[in-house]
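# Descriptive structure summary
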2 protein chains.
Amino acid sequence: MTAGNGVTGTVGMIGGGQLARMTQQAAIALGVDLWVLCPDADEPAVRAGARQVVGTPDRYEDLLALAERCDAVPLDHEGPPPEHLEQLARDGFVVAPGAPAARLGRDKAEARAVLAPHGIPTAPWTLAADPQELLAFGAEVGWPLIVKRPSGGYDGRGVWALDGPEQAEGAFEGSDGPLLAEARIAFTHELAVMVVRGRDGETVTYPPFETVQVDGQCHEVFTPASVPAELDAEARRLASTIAHHVDLVGVMAVELFVTTDGLLLNELAVRPHNSAHLTIEACTTSQFENHLRAVLGLPLGATDLVAGGGAMINVVGAADGHDPFDHLAAALAVPGAHVHRYQKAARPGRKIGHITATGPTVDDARSTTAQAASALGAAVPA
Amino acid sequence: MTAGNGVTGTVGMIGGGQLARMTQQAAIALGVDLWVLCPDADEPAVRAGARQVVGTPDRYEDLLALAERCDAVPLDHEGPPPEHLEQLARDGFVVAPGAPAARLGRDKAEARAVLAPHGIPTAPWTLAADPQELLAFGAEVGWPLIVKRPSGGYDGRGVWALDGPEQAEGAFEGSDGPLLAEARIAFTHELAVMVVRGRDGETVTYPPFETVQVDGQCHEVFTPASVPAELDAEARRLASTIAHHVDLVGVMAVELFVTTDGLLLNELAVRPHNSAHLTIEACTTSQFENHLRAVLGLPLGATDLVAGGGAMINVVGAADGHDPFDHLAAALAVPGAHVHRYQKAARPGRKIGHITATGPTVDDARSTTAQAASALGAAVPA
């Protein structure tokens, strides 16, 4: 992969958003040439200097144009049809995490069905084809239910609650397929475990990150999580088990609920993930560098924390349409605050950046990120 | 500087080498658009995604084309004629560090002459116009002498020793001007202090870095330096004093000799510097981010170490022409080793990358970088 031309390898990503943008930063250090497949020239990764294949992942010829330039093509979002990925693999291209793992990342119901035999606990769930099946499931596990579109949702979109049987009929309005229904779980914490698996099966996990959601969207992340050490270890073990069973190559976020009865799988994201942005500053190797190392077949980097604690807060466009980064200087004046901008227009509720800090303790780190977010006037999403 | 378009500011740099490449990484986080002025499309910063103005800094129209795109133009090397920078400033463009500081960075004799009245100690020196003046100076301070071209040298080029009077005649061969001659100093350590000064005069310094040269080229850097704490403090004070007197804007490396009689100024580099590459991982804010913050008029970032110690080793092309990065995987397998590639062809003796590590102690960090450099077969330059 090194040929005396200064290049470690060439990697393609699908999508040109902030995940590809931060992967470009990691690619610069490693000497990796990064290509992204996306339609617009002003997308965050292209602005950051990633090379662009103009196109969309639903067109096989666009995916092929990307793959032909690259040693490996890892996914960045759930967009591409799995049959396209399978075709690329048949044509001899390296696609990471591979079509099976990508399919599970794309289909919440399939993920639950495939992982259940391997002892991965979830809330009671069903795939309901019509209101009658929802009613039957609600009668069995009790109301309210959480209902999700099996694929395509993120940041709380495509997920909603049904308070009682009277809402079952309306749940399918505007839906063109079955719905995943789950018993609503009483959880005390939400964790995300980032797991990385190399081409050779080498697997490492990051310390679990505790995530705080507001209106279904990730607002804050910190580590160490405020759960007992044995739950930390169990969460990492679960993530490694899942990585093994889906034959992961690259990074995957495993989102978990902490309940009084233990851990339950919530969602998988088979790509770099918002919950692990703090790995850039808080861990020896960032999720983005480890993603590149994994898909290129290189040894994985150490995942340990470089400080006692780390924290991150997302920066989102304000409800009134103003750009929090109008106050960038005030945030940069907070000692130890690391500001990341994605160069996206500040539409209300849209993630346009994040702030990370480390500190001797997790509370120190959270205090720094809170101060900087407050300086931006962006502490909590609208 | 923020206009709701996701851009913090636009910065131009002169030169497209590794300093601009690593500045591009910092620019991505801050949402800064970086432009570089350089002749070739395969230079390290362009490969990393910085936008390019094709040209060279000796042509005023090329500098102007760069300046017209940017909020500020900081230097990256000593290339541009000072009169061009002065013209840009007269035309209303922001040039950092500004023509006076750039002139001192370019002219070693002028730097000594300008700084001496401010109590900045140097070795005894003279500007010798001919062999007779060299002989007189050698008779005064004793042989051997160190002789330097006043401008244009780096990595030990343009610097050599004269063992005795019999070599004075030959010293001027191939030289088209006076030579800077210095008494050879018995030093115990070499330090580099990175100082950053904002547009408003806010000044911060990094912990002093100890540098180890091999054949006049920087080989290894580590911090904390192995000198008493009072020398650390004195070194930082000297660097701040110089920054004030040259009206610095941006970053500057102040290279110092530690002698039994105290500190002596060796050289200034008015730009990001090899000795401070370890700031990317070892300090809260990298030299590259602080350079951007300074020239854009933003608050400066914290410069404290994030670990007990940090270390860096340069990776240079091997004498036999092979590329040390052929063994990249072996270096990446060393836990905690951060590998930086510049995507330059591995010509013998050429800097093509570096390795950084942090650790609980400076010895831990040095041990990690040494292991990774050894894995590359690149521990010591040829």
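Higher on the page you've got the structure.
Overview of the structure. (Residues numbered from 1 in each chain as written. Chains lettered and ligands numbered in written order. Predicted model: local features only at pLDDT ≥ 70, side-chain atom pairs only at ≥ 80, totals over all residues. Heavy atoms only, no water.)

### Details of the relation of the copies chain B and chain A
This is how it is decided: A least-squares fit on C-alpha atoms brings the copies together, and the residues used are those whose pLDDT is at least 70 in both copies. Two residues form a contact once any of their heavy atoms are found within 4.5 Å.
Taken as rigid bodies, chain B and chain A are interconverted by a rotation of 180° and an axial shift of 0.0 Å, the fit giving an RMSD of 0.1 Å. Those values place the two copies in the arrangement expected of a two-fold rotation axis. No C-alpha of chain B approaches the rotation axis more nearly than that of Gly49 of chain B, which lies at 1.7 Å. With an isologous cut-off of 70% or more, the 100% of interface residues of chain B that recur at the interface of chain A puts this contact in the isologous class.

### Details of the pairing of strand E17 (residues 338–341) of chain B
All names here are of chain B. Where we set the bar: In this scheme, a residue with accessible area under 20% of its type's maximum is buried, one over 50% is exposed, and one in between is partly exposed, where area comes from a 1.4 Å probe on protein chains only. Secondary structure elements follow DSSP: runs of H or I no shorter than four residues count as helices, runs of E no shorter than two count as strands, and numbering proceeds from the N terminus. The pairing criterion for strands is at least two bridges between them, as found by DSSP.
Alternating positions in E17 separate into two faces, His338 and His340 on one and Val339 and Arg341 on the other, with burial throughout. As judged from the four bridges shared by E17 and strand E18 (residues 351–359), these two strands associate in the antiparallel manner. From the neighbouring strand, His340 faces E18, where its bridge partner is His354.

### Section: the sheet that holds strand E7 (residues 145–148) of chain B
Residue and element names in this part refer to chain B. Defined as follows: For helices, the axis comes from a line fit to the C-alpha atoms of the stretch in contact; other axes are also lines fit to C-alpha atoms, and the angle between any two N-to-C directions lies between 0 and 180 degrees.
The strand order E6-E9-E7-E8 describes an open sheet built from four strands, whose pairing is antiparallel. Among the strands making up the open sheet, the edge pair consists of strand E6 (125–128) and strand E8 (159–162). Between one strand and the next, the sheet's axes are offset by a mean angle of 30°, whatever the strand orientation. Bridging between E6 and strand E9 (residues 179–183) involves four bridges; their strand directions are antiparallel. Paired with Thr126 across the strands is Ala181, a residue of E9.

### Section: the pattern of salt bridges
Side chains that carry opposite charge are capable of pairing whenever their charged atoms lie near each other. Residues and elements named next belong to chain A. Threshold: In the sections that follow, a salt bridge refers to a side-chain nitrogen of Lys or Arg positioned within 4 Å of a carboxyl oxygen of Asp or Glu.
Applying the stated criterion across every chain yields a total of 27 salt bridges over all chains. One salt bridge connects Asp247 with Arg197, and the closest N-O pair in it is separated by 3.1 Å. Highlighted residues: Asp247 in the loop between helix H8 (229–245) and strand E14 (250–259) and Arg197 in strand E10 (residues 189–197), separated in sequence by 50 residues. Among the charged side chains, a network of salt bridges with common partners joins Lys108, Arg112, Lys148, Glu182 and Glu267.

### Observations concerning the pairing of E18 of chain B
Residue and element names in this part refer to chain B. When you tally the buried positions in E18, you get eight out of nine residues, the bulk of the element. Note that strand E16 (residues 309–316) and E18 share eight bridges and pair antiparallel. Residue pairing in the sheet places Val315 in a bridge with Gly353 of E18.

### Focus on the interface of chain B and chain A
The condition that has to hold: Buried area, as used here, totals the accessible surface that two parts lose on assembly, with accessibility defined by a 1.4 Å probe and the loss added over both. Side-chain atoms alone can form a polar contact between residues adjacent in sequence; in general such a contact is a pair of N or O atoms within 3.5 Å, and within protein one must be able to donate a hydrogen while the other accepts it. Throughout this entry, Asp, Glu, Lys and Arg are counted as charged residues, while Ala, Val, Leu, Ile, Met, Phe, Trp, Tyr, Cys and Pro are counted as nonpolar. The remaining residues, Gly among them, count as polar.
Contact with chain B, which involves 43 residues of that partner, is made by 43 residues of chain A. Interface area for chain B against chain A, summed over the two sides, is near 3500 Å², with a carbon-plus-sulfur share of 50%. Counting the surface chain B buries against chain A, the share from its top three residues, Ile28, Leu332 and Arg341 of chain B, is 17%. Arg47 of chain B is paired through a salt bridge with Asp33 of chain A; the nearest N and O atoms lie 3.2 Å apart. Applying the counting rule to chain B against chain A returns 21 residue pairs in polar contact (both at pLDDT 80 or more). Listing elements by their share of the side of chain B that touches chain A, those giving two or more residues are helix H1 (18–30), strand E2 (32–38), helix H2 (44–47), helix H11 (328–332) and E17 of chain B. In terms of residue count, the dominant contributor to the side of chain B that touches chain A is H1 of chain B (six residues). For the side of chain B that touches chain A, the per-class residue count stands at 20 nonpolar, 14 polar and nine charged.

In short, the description is geometric, and any link to function would need to be established separately.
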